[in-house]
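One letter stands for each residue in the lines below.
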Amino acid sequence: MFSVLVISLSCTQNLTRGYILLLHLIDIEVVVYEGTIREKPSSKEEARQFIKGYSGGHAAVVGSVLVTNLQTGTRKGGWDRAEVYFYDIPDEVIDNLVEEGIMLNVAGGLMLEHPLTLPFVDTVVGTADSVMGLPKALTEKLIQEAL
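These numbers come from a predicted model, not from an experiment. (Residues numbered from 1 in each chain as written. Predicted model: local features only at pLDDT ≥ 70, side-chain atom pairs only at ≥ 80, totals over all residues. Heavy atoms only, no water.)

### Focus on the packing of helix 1 (residues 44–54) against helix 2 (residues 91–100)
Then step 1. Axis separation between helix 1 and helix 2 bottoms out at 9 Å; the angle between their running directions is 140°. Once helix 1 is placed against helix 2, the crossing between them reads as right-handed. Across the interface between the two elements, Lys44, Ala47, Arg48, Ile51 and Lys52 of helix 1 pack against Asp91, Ile94, Asp95, Leu97, Val98 and Glu99 of helix 2.
Then step 2. The residue inventory of the contact of helix 1 with helix 2, partitioned by class, reads five nonpolar, no polar and six charged. (Axes fitted to C-alpha atoms, helices over the stretch in contact; angles between N-to-C directions. Helix = DSSP H or I, 4+ residues; strand = E, 2+ residues; numbered from the N terminus. Left-handed = near helix turned anticlockwise from the far one by under 90°. Contact = heavy atoms within 4.5 Å. Nonpolar A, V, L, I, M, F, W, Y, C, P; charged D, E, K, R; others polar.)

What follows is the structure in structure tokens.
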């Protein structure tokens, strides 16, 4: 996912009130399952295979964030990792997730917050926002460092 983030800094100690700072934020996320990097599934069949593999198992989500201060050129980057452990996911649920099609739009076909997926999540080691695509604490830290 690539995006540009504009932040209005009204109370920053080094800048005057109302100053606008333009930052470029890049967030890239992949799922790692049994040592294999998984990006977005390329087909419904691949999505089905991905989700079936997570059933009763686990996957790691690795995300990186790069923040560039477009005024100073300062760049700060970092990465974060979270693991998701799943209960067994019934074939009917997997079929419904695949037919819905939204799992084709996310890394590893894994969407933690989906109402059909969530009941089958046993444990998350790390933070949910890391699994969902943008580690909040890391992003905030990097933005502050880039200022």
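### Things to note about the pattern of salt bridges
Then step 1. Applying the stated criterion across every chain, the model contains six salt bridges.
Then step 2. Between Glu99 and Lys44 there is a salt bridge, with its nearest N and O atoms 3.5 Å apart. With Glu99 in helix 2 and Lys44 in helix 1, this residue pair connects regions lying 55 residues apart in the sequence. (Salt bridge = Lys/Arg side-chain N within 4 Å of Asp/Glu carboxyl O.)

### Considering the pairing of strand 5 (residues 75–86)
Then step 1. The sheet contact formed by strand 4 (residues 58–69) and strand 5 spans eleven bridges and is antiparallel. In the sheet register, Val62 faces strand 5, and the bridge partner there is Arg81.
Then step 2. Connecting strand 4 to the next strand, strand 5, in antiparallel fashion are five residues, including Gly73 with a positive phi near 85°.
Then step 3. Inspection of the sheet shows strand 5 paired to strand 6 (residues 121–125) by four bridges, in the antiparallel sense. Considered in strand 6, the bridge of Tyr85 is made with Thr123. (Pairing = 2+ DSSP bridges.)

### Focus on the confidence of the model for the protein chain
Then step 1. In the predicted model, the protein chain carries a mean pLDDT of 84, and the fraction of residues at 70 or more is 84%.
Then step 2. Scored below 50 in pLDDT, residues 1–13 shows 30 contacts in the model against residues more than four places distant or in partner chains. (pLDDT = per-residue confidence, 0-100.)

### What to know about the nonpolar core
Then step 1. Judged by nonpolar contacts, the single largest core of 25 residues is most densely connected at Val31, Ile51, Tyr54, Phe86 and Ile89.
Then step 2. Those elements that provide at least two residues to this core are strand 2 (19–33), helix 1, strand 4, strand 5 and helix 2.
Then step 3. Apart from residues no more than four positions distant in its own chain, Phe86 is found in contact with Tyr54, Gly56, Gly57, Leu110, Thr117, Phe120, Val121 and Asp122.
Then step 4. Core analysis: the next-biggest nonpolar cluster, separate from the first, contains seven residues, Val67, Leu138, Ile143 and Ala146 among them. (Core = buried A, V, L, I, M, F, W, Y, C linked by side-chain atoms within 4.5 Å. Buried < 20%, exposed > 50% of the residue type's maximum accessible area, 1.4 Å probe, protein only.)

### Section: the packing of aromatic side chains
Then step 1. Scanning the entire structure with this criterion turns up two aromatic pairs.
Then step 2. Consider the rings of Tyr33 and Tyr54, whose centres lie 5.5 Å apart with planes at 85°: the pair is edge-to-face. Here the residue Tyr33 occupies a position in strand 2, and Tyr54 occupies one in helix 1, the gap between them amounting to 21 residues.
Then step 3. Residue classification places Tyr33 among the buried positions, given a relative accessible area of 13%. (Phe/Tyr/Trp six-rings, centres within 6.5 Å; stacked < 30°, edge-to-face > 60°.)

### A few points about the side chain of Thr117
Then step 1. Along the chain, Thr117 turns up in the loop between helix 2 and strand 6.
Then step 2. By relative accessible area, Thr117 is classed as buried at 6%.
Then step 3. In terms of polar contacts, Thr117 uses its side chain to reach the backbone carbonyl oxygen of Met111, at 3.4 Å. (Polar contact = N/O pair within 3.5 Å; in protein donor to acceptor, adjacent residues only side chain to side chain.)

### Regarding helix 4 (residues 136–146)
Then step 1. Among all positions in helix 4, only Leu138, Thr139, Leu142, Ile143 and Ala146 are buried. Down the axis of helix 4, the buried side of the element spans an arc of 130°, and every buried residue falls inside it. For helix 4, the exposed residues set more than 90 degrees away from the buried face come down to Lys136, Ala137 and Gln144. (Arc of directions from axis to C-beta.)

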